[in-house]
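# Close look at the chain arrangement
What follows is the residue order along each chain.
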Amino acid sequence: MRHAVRDWLQRHAPAGAVAVALSGGADSLALTAAAVVEAAAVDALVVDHGLQDGSAAVAAAAAAHALRLGCRSARVLRVTVGRDGGTEAAARKARYAALDEARGGLPVLLGHTLDDQAETVLLGLARGSGARSIQGMAEYAEPWGRPLLSVRRATARQLCADVGLEPWEDPHNSAPEFTRVRLRSEVLPLLEDVLGGGVARALARTAAQLREDGAALDALAGDLLEAARDGEGLDLETLATAAPALRRRVIRAWLLAGGAKSLTDSNLRAVEALVIAWRGQGGVAVGGSVGGSRLVAAREHGRLILGPESSVPGRGGHHH
């Protein structure tokens, strides 16, 4: 655990002061214990979601653990969880917002382990939007740091046992209605059994490799995006002759920069079809809106353009 934290600090926070997001569970407790020894100073941030009876007591206990371990400070952040997109998603949103506000400019270390990474890759497989959905979590995406992505969950538990820390057991972590819990308790053990062990490690390795590949492709796509720019639009010919993996990345980046929201793989492929399989089809709605009108991508004079539905040619049957 200490090696993992030390390596992460050397790469990403040489100044040495960090914040740790502490839930009181085994992973974040073990991370806090290791960080206190390796970092110059550690501020513990404990989020109380207020979703379970006794959550305030759990948060207070976690903060007390942090101070006993030697954290410079420990704060409990009370949040109000909305209803948007389901409790789990709303809690995550509230948690990250509170941590971001309280971190005082420091990187925030999160207790995600190799096992969490393997679960994330499996969840991404179901989304099926290519390499991006199965490259898992980044070890550092400012300000969020994940030093334990190479460490097994069992190691974190062992550290807690060895130093006499009592982790809090979140009842949600064994609630079978959560997909991630079933992956953890049923799917991964079955894969390990059928494929003869080492599956979690292999999934995490795959994620790390895809992340490197993704960074290289994104850099190439950045160059192609600059080459394809034609005013606000993109030159169709430049896109049509590019490799599909780069073309889709360019279209995706351009759409997102232009205000597209929650792009799905089918959205993206429909816009790509305007470039490579055009048979007179009209514009493609890409989520998001502009001035009360849907945002639409369409072809115009050898360019791919993006604008409100009302201003874009080719909607409603007549083509210019």
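The structure displayed is predicted, hence computed values, not measured ones.

Scoring rules and cut-offs
- Residues numbered from 1 in each chain as written.
- Predicted model: local features only at pLDDT ≥ 70, side-chain atom pairs only at ≥ 80, totals over all residues.
- Heavy atoms only, no water.
- Domains from an automatic or database assignment.
- Pairing = 2+ DSSP bridges.
- Helix = DSSP H or I, 4+ residues; strand = E, 2+ residues; numbered from the N terminus.
- Contact = heavy atoms within 4.5 Å.
- Axes fitted to C-alpha atoms, helices over the stretch in contact; angles between N-to-C directions.
- UniProt positions renumbered as here; feature names shortened; annotations may be inferred.
- Buried < 20%, exposed > 50% of the residue type's maximum accessible area, 1.4 Å probe, protein only.
- Phe/Tyr/Trp six-rings, centres within 6.5 Å; stacked < 30°, edge-to-face > 60°.

### As for the domain arrangement of the protein
The domains assigned to the protein are domain 1 (1–202) and domain 2 (231–308). Computed over C-alpha atoms only, the centres of domain 1 and domain 2 are separated by 37 Å.

### Topic: the sheet that holds strand E7 (residues 229–230)
Taken in spatial order, the 5 strands line up as E7-E8-E11-E10-E9 in an open sheet, and their pairing is antiparallel. With one partner strand each, in any of the chains shown, E7 and strand E9 (284–290) form the two edges of the open sheet. Taken together, the 4 bridges between E9 and strand E10 (residues 293–300) define a ladder with antiparallel strand orientation. Considered in E10, the bridge of valine 284 is made with alanine 297. Sheet strands in contact with helix H10 (residues 244–257) are strand E8 (233–235), E9, E10 and strand E11 (303–308), and its direction is about 25° off that of E11.

### With respect to the UniProt feature "binding site: ATP" (unreviewed entry) in the protein
As recorded in UniProt, the sites labelled "binding site: ATP" (unreviewed entry) are Ser23, Gly24, Gly25, Ala26, Asp27 and Ser28. Inspection of the secondary structure puts glycine 25 in the loop between strand E1 (17–21) and helix H2 (26–38). Every residue in contact with glycine 25, bar those within four places of it in the chain, is listed here: Pro167 and Trp168. Among the secondary structure elements, aspartate 27 is positioned in helix H2. Judged by relative accessible area, aspartate 27 falls into the buried class, the value being 17%. Aside from chain neighbours lying at most four places away, what touches aspartate 27 is Gly111, Thr113, Asp116, Leu148, Arg153 and Ala156.

### Quick word on the packing of aromatic side chains
The description of two aromatic rings rests on the distance between their centres and on the angle between their planes. Enumeration over the complete set of coordinates arrives at 2 aromatic pairs. Judged by centre distance (5.2 Å) and plane angle (85°), the ring pair of tryptophan 8 and tyrosine 140 falls under edge-to-face. Separated by 132 residues along the polypeptide, tryptophan 8 in helix H1 (residues 2–12) and tyrosine 140 in strand E5 (residues 140–141) bring together distant segments of the chain. Centre to centre, the rings of tyrosine 96 and tryptophan 144 are 4.8 Å apart; their planes meet at 85°, and the pair counts as edge-to-face. Residue tyrosine 96 is found in helix H4 (residues 87–102), and its partner tryptophan 144 is found in strand E6 (residues 144–145); the two are separated by 48 residues along the sequence. You can call tryptophan 144 buried: its relative accessible area is 14%.

### Section: unusual backbone geometry
In this chain, glutamate 142 is followed by proline 143 through a cis amide linkage whose omega measures 0°. Here proline 143 is to be found in the loop between E5 and E6. Phi is positive for histidine 301, close to 50°, though the residue is something other than glycine. Tracing the backbone shows histidine 301 in the loop between E10 and E11. For histidine 301, a relative accessible area of 75% gives the class exposed.

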